[in-house]
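Observations on the model geometry
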Amino acid sequence: MALQLVSLTLAFDDARFFGATIFTDANDPDGPWATVLIDHANEDPWFRLTTTDPTGSDVSVVAMAETDRLMRFVLTEQPERIGRTRPTPLTS
């Protein structure tokens, strides 16, 4: 299954970030959309994901995995986009 990202929305304040992703099946763009809610967490990986699909459809399962991948990328490569700073490298 190939997903198409419809929307990735993130917002933040001084302490937390939150948002949502919306995906559709690239082969069935008019079919049901999968929405995944993103919330800040105080432990690694620093976010929690929740699907809004109570049936756990294939699109929702894949959307959860893709949102996890996107959030790990954002937190690793572009943390300033959600009000975070890059980790400082350890010095020897």
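Residues numbered from 1 in each chain as written. Predicted model: local features only at pLDDT ≥ 70, side-chain atom pairs only at ≥ 80, totals over all residues. Heavy atoms only, no water.

**Notes on the overall build of the protein**
- Scanning the protein from terminus to terminus reveals one helix and four strands.
- Overall, the protein shows an N-to-C arrangement of helices and strands of β-β-β-β-α.
- If you line up the protein on its principal axes, its C-alpha atoms span 50 × 25 × 20 Å.
- A buried classification covers 26% of the 92 residues belonging to the protein. (Helix = DSSP H or I, 4+ residues; strand = E, 2+ residues; numbered from the N terminus. Buried < 20%, exposed > 50% of the residue type's maximum accessible area, 1.4 Å probe, protein only.)

**What to know about the sheet that holds strand 1 (residues 3–12)**
- Strand order in the open sheet made by the four strands is 1-2-3-4, with antiparallel pairing throughout. Pairing within the sheet leaves two strands with one partner each, and these edge strands are strand 1 and strand 4 (47–51). Pairwise comparison of adjacent strand axes, ignoring direction, gives a mean angle of 20° for this sheet.
- One ladder, built from six bridges, connects strand 2 (residues 17–25) with strand 3 (residues 34–40); its direction is antiparallel. Within strand 3, the position partnered with Gly19 by the bridge is Ile38. (Pairing = 2+ DSSP bridges. Axes fitted to C-alpha atoms, helices over the stretch in contact; angles between N-to-C directions.)

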